[in-house]
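Chains, contacts and geometry: an overview
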Amino acid sequence: TLKDYYDEHVKERMARRVLVRYILENNETARMMRVRHITERCEVRIVPEKYNFNDEITVYGNKVAIVSYKDLVGLIIENKFYAESMRNIFELAWERAGELERLAKM
């Protein structure tokens, strides 16, 4: 199941001491993730509901994975320059998400 995969992924990531960062829309799942962030080596920033994220985008190494859990489809793009661009877009969004959190005091 997806939960089993996630649990195994977290164990492996923890063993390798990899820190991850999530930008999530304000909902119960995001608030739970924030509580778990200390034990799972992840940082969470929560943005207003109007930023509805339906898909997941993960950047690692020279790869970008795009996954739609609703449609059960995904793809991986391996390209150094695309991964770098997506990393920069994430950094911009991460900074803005922090500003939005401070304003909303989430």
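Summarised in this report is the structure supplied together with it. Remember, predicted model here, so these are calculated numbers, not experimental data.

**A word on the environment of Arg36**
- Residue placement: Arg36 occurs in helix H2 (residues 28-36).
- Residue Arg36 is classed as partly exposed on the basis of its relative accessible area, which comes to 29%.
- Along the chain, Arg36 and Ile23 lie 13 residues apart, while their C-alpha atoms are 14 Å from each other.

**Details of the sheet that holds strand S3 (residues 56-60)**
- With antiparallel pairing, three strands are arranged side by side in an open sheet as S3-S4-S5. The open sheet terminates on both sides in strands that have one partner only, identified here as S3 and strand S5 (73-78). Between one strand axis and the next, the sheet turns by 15 degrees as a mean value, whatever way the strands run.
- Looking at chain direction, S3 and strand S4 (residues 63-68) are connected through five bridges and run antiparallel. Bridging across to S4, Val59 finds its partner in Val64.

Calculation criteria
- Residues numbered from 1 in each chain as written.
- Predicted model: local features only at pLDDT ≥ 70, side-chain atom pairs only at ≥ 80, totals over all residues.
- Heavy atoms only, no water.
- Helix = DSSP H or I, 4+ residues; strand = E, 2+ residues; numbered from the N terminus.
- Buried < 20%, exposed > 50% of the residue type's maximum accessible area, 1.4 Å probe, protein only.
- Pairing = 2+ DSSP bridges.
- Axes fitted to C-alpha atoms, helices over the stretch in contact; angles between N-to-C directions.

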